[in-house]
Amino acid sequence: MLPKTNKNWKQVKSQLRLPWGILFLVLSVISVLIWFFSGDEQPNRLFYDEMKLMETGEENAFIHSAYYYESSKSLGKNAIAIVATMHKGAVTDLNEFVLKVVGTNSTTRLVTDARLSTEHDPDESCEYTTVLIQANTLNSMTKLEIETRDGLVPLPFSEPKRDSPRPVVFCIAPLFAAEQWQSFLMQLHVTKKFGAHLHVYMMTMLEHYYQMVRELGELGVISTQPWLSVKFSQVGKPFLEPNRNSELRNPAAAFTDCLLQYKEAAQFIGFMEIEDLLFPVNADSYYEEFEREYEGSYQISALYYQIIEQQSVKYSSPEQQSLGALLGSAQGGDAMKNGRSIVRPERYNSTWTHYSTQAESQPVYLTEQQEDPHYLNRKKISANAFLRFKNLEYSPGETVNSTVIPMNPLSHDQPLLNEEQMKEIEDGIKETLLLPTLQDYIKRLPTEDFYSTKLKECLDNQRHGKGHCVNTKSCNLPNNDKIPCRHSDGLYHSVRVMKPYTYHYVTEYYFTRNLGCYE
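From a predicted model like this one, the values you see are computed outputs, not experimental measurements.

Give me the lowdown on the overall build of the chain, citing residues and values where you can.
Along the backbone of the chain there are 9 helices and 23 strands. Expressed as a percentage of the 519 residues in the chain, the buried residues total 53%. Accessible area of the chain: about 25100 Å², with a carbon and sulfur share of 52%.

Explain the environment of valine 190 to me, using residue names and the numbers behind them.
Structurally, valine 190 is set in helix α2 (residues 181–193). By relative accessible area, which is 0% here, valine 190 ends up buried. Excluding residues within four positions of it along the chain, valine 190 makes contact with Leu277, Leu278, Phe279, Tyr286, Leu323 and Ile425.

I'd like a description of the environment of alanine 302, backed by residues and values.
One can find alanine 302 in strand β14 (residues 300–314). Residue class for alanine 302 comes out buried when judged on its relative accessible area of 0%. Note: C-alpha distance between alanine 302 and lysine 379 (77 residues apart in sequence) is 6.2 Å. Not counting residues up to four positions away in its chain, the partners in contact with alanine 302 are Tyr294, Ser341, Ile342, Val343, Tyr348, Asn377, Arg378 and Lys379.

I'd love a proper account of the nonpolar core, names of residues and values included.
By size, the foremost hydrophobic cluster in this structure holds 107 residues, and its most contacted members are Tyr209, Phe279, Phe290, Leu323 and Leu417. Residues within four places of phenylalanine 279 in sequence aside, it is in contact with Val190, Phe194, Leu323, Leu327, Asn384, Leu387, Leu416 and Leu417. If you look at the next biggest cluster of nonpolar residues, it comprises 34 residues, including Ala90, Val91, Ile133 and Leu138.

Which residues make up the sheet that holds strand β22 (residues 485–494), and what values do they have?
Note: strands within a sheet are paired through backbone hydrogen bonds, in either parallel or antiparallel orientation. Strands sit in the order β7-β6-β3-β4-β5-β2-β1-β23-β22-β10 across an open sheet of 10 strands; the sheet is mixed. Edge strands, defined here as strands with exactly one partner in the open sheet, are β7 (151–155) and β10 (204–206). For this sheet, the mean angle separating the axes of adjacent strands, direction not counted, is 35°. Strand direction decides the pairing type here: strand β3 (residues 98–104) and strand β4 (residues 109–119), joined by 7 bridges, are antiparallel. Looking at β4, one finds that threonine 104 is bridged to arginine 109. The strands touched by helix α3 (residues 207–218) are β10, β22 and β23 (501–512); relative to β10, the strand with the most contacts, the crossing angle is about 105°.

Please set out the state of the cysteines residue by residue, giving values where relevant.
If you walk through the whole model with that rule in mind, you get 4 disulfides. Here cysteine 126 connects covalently by a disulfide to cysteine 469, the sulfurs 2.0 Å from one another. Between cysteine 126 and cysteine 469 the disulfide shows an S-S torsion of about 100°. By sign, it is right-handed. Here cysteine 469 lies in the loop between α9 (452–463) and β22 and cysteine 126 lies in the loop between β4 and β5 (128–136), a separation of 343 residues in the sequence. For cysteine 469, a relative accessible area of 7% translates into the label buried. Note that cysteine 171 is cross-linked by a disulfide to cysteine 258, the S-S spacing being 2.1 Å. Since a negative S-S torsion denotes a left-handed disulfide, the cysteine 171-cysteine 258 link at about -80° is left-handed. In this pair, cysteine 171 is assigned in strand β8 (residues 168–175) and cysteine 258 in helix α4 (residues 251–261), connecting sequence segments 87 residues apart.

Break down the pattern of salt bridges for me, with residues and values.
By the definition in use, this model includes 24 salt bridges. Here arginine 388 makes a salt bridge to aspartate 276, at a shortest N to O gap of 2.8 Å. In this pair, arginine 388 is assigned in strand β19 (residues 377–394) and aspartate 276 in strand β13 (residues 276–277), connecting sequence segments 112 residues apart. Side by side, arginine 388 and aspartate 276 carry an identical accessibility label, which is buried. Where lysine 379 meets glutamate 293, a salt bridge forms, and the shortest distance between an N and an O atom there is 3.1 Å. Residue lysine 379 is found in strand β19, and its partner glutamate 293 is found in helix α5 (residues 286–294); the two are separated by 86 residues along the sequence. A single salt-bridge network, built from bridges that share partners, covers Glu207, Arg486 and Arg513.

Report on unusual backbone geometry, specifying residues and quantitative values.
A cis amide bond links lysine 499 with the next residue in sequence, proline 500, at an omega value of 0°. Note on placement: proline 500 falls in the loop between β22 and β23. One non-glycine residue, serine 140, adopts positive backbone phi at about 55°. Position of serine 140 relative to the elements: it lies in the loop between β5 and β6 (143–148). Assessed through its relative accessible area of 52%, serine 140 is described here as exposed. With phi around 50°, leucine 248 is a residue other than glycine that occupies positive phi space. Along the chain, leucine 248 turns up in the loop between β11 (223–226) and α4. For leucine 248, a relative accessible area of 11% puts it in the buried group.

If you had to explain α3 to someone new, which residues and values would you point to?
Note that an α-helix has 3.6 residues per turn; residues three or four places apart therefore point the same way. Helix length check: α3, at 12 residues, gives a terminal C-alpha distance of 16 Å against a target of 16 Å (1.5 Å per residue), a fit within 8%. Judged by how many residues are buried, α3 sits mostly within the fold: 10 of 12 residues are covered. Two residues or fewer after α3 comes glycine 220, characterised by a positive phi angle close to 85°.

What counts, and where the lines are drawn
- Residues numbered from 1 in each chain as written.
- Predicted model: local features only at pLDDT ≥ 70, side-chain atom pairs only at ≥ 80, totals over all residues.
- Heavy atoms only, no water.
- Helix = DSSP H or I, 4+ residues; strand = E, 2+ residues; numbered from the N terminus.
- Buried < 20%, exposed > 50% of the residue type's maximum accessible area, 1.4 Å probe, protein only.
- Areas by Shrake-Rupley, 256 points an atom, 1.4 Å probe, with all protein chains shown as cover.
- Contact = heavy atoms within 4.5 Å.
- Core = buried A, V, L, I, M, F, W, Y, C linked by side-chain atoms within 4.5 Å.
- Pairing = 2+ DSSP bridges.
- Axes fitted to C-alpha atoms, helices over the stretch in contact; angles between N-to-C directions.
- Disulfide = S-S within 2.5 Å.
- Salt bridge = Lys/Arg side-chain N within 4 Å of Asp/Glu carboxyl O.
- Expected span 1.5 Å × (residues − 1).

Quick look at the structure:
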């Protein structure tokens, strides 16, 4: 007789149904999740497909710096500003190209579009250009990344300065093969007298000149910052050497970096070479002159000063340093093609060496009801100018102490400064040269030119070629073992090869004696 199994069979059948039911439920949930999230992937795919149509090659991008603003008058809330040097040939138009930026805080991750804008000489043909990458992200950001279709690029970032030592900041272009320490002393004390703080970018400098500037930075008299050559430690294919194909030693990127640092801290920011002196002939201070020239107008993008070249002398002995001797021996030259800009930082987000090519003709709406915009334009200053003492020749004789106050070259009945101001500047120079912590360096400052004349001749020859990318790398300056130099350096990073750009950046900045003055 067969055993009665009906009841047991039903029980086993019930146990078999339960796992299949759970499996069906899990698969259903997964399908719903895939369907739900695929809605976000579609726009992302469309975005990268659209950007891919702009790609024309595979090139490199060097990130100089990145800043995060909790709040900015011109950039907005939770703003990101990244300064980069990028090859123009990877896409059809960098100003139309869009990147994805990823901001992360303790609880959230946000992907936003970043706008790109370029700054470069309109008359030159350099393959690499300064680029501002700008976006807005989430609050309390702790991690910054650039998203590409090939993956994520993590970037170090910092916060901009909250305070400025003075309301006016002068950003000094990167010092390269720098040996004219006399120009630094004059710039330091003229700007100090008239109320500006110096932020000096240092690239390569003669050893004891470097030590003097470094020490003054540590004392808080000025701010100093290393400025590094653009280098790529890993690339996917042969590439154009970036420093031979960027303007000079990349002052536009340095000036943009300086602007972003002091954007929320300073009232006015100026951009210049160490040899460019400005005397506020129409006021007692820079701040007063700049306020007067802006006249409360919302349509001025920048105050635009001419640069007038000056020939004069310099002296090898620290005891001979004198502003009176510099000005008294000066012979005026021609005005240069391009001038210098002084800006209200809320009206500039980036800049070329002489002015911003992006800020010009930008629409300004003063009220919500305004239909027709005003437009930003540079204001050309006709009553004052920067004096450029670039070509100083050593004088073998004693200091010429001129008692005649020189006149403003644009107004022959107006002095550059008065006797009291001159005396204060002269006294300041002497006090600096007597600082105990500087004595070991001052007694060994260079007493003759080695790099300056060679560099000038090389750059002048390059400028004679129409459409040439004028740069310092092509000068092939010889290193001199008898003249030790300090060169900026750091730990260079390259992410894995990507399209259209492979990204590179630097951490752990320092100065080394191992690279010489020219690399």
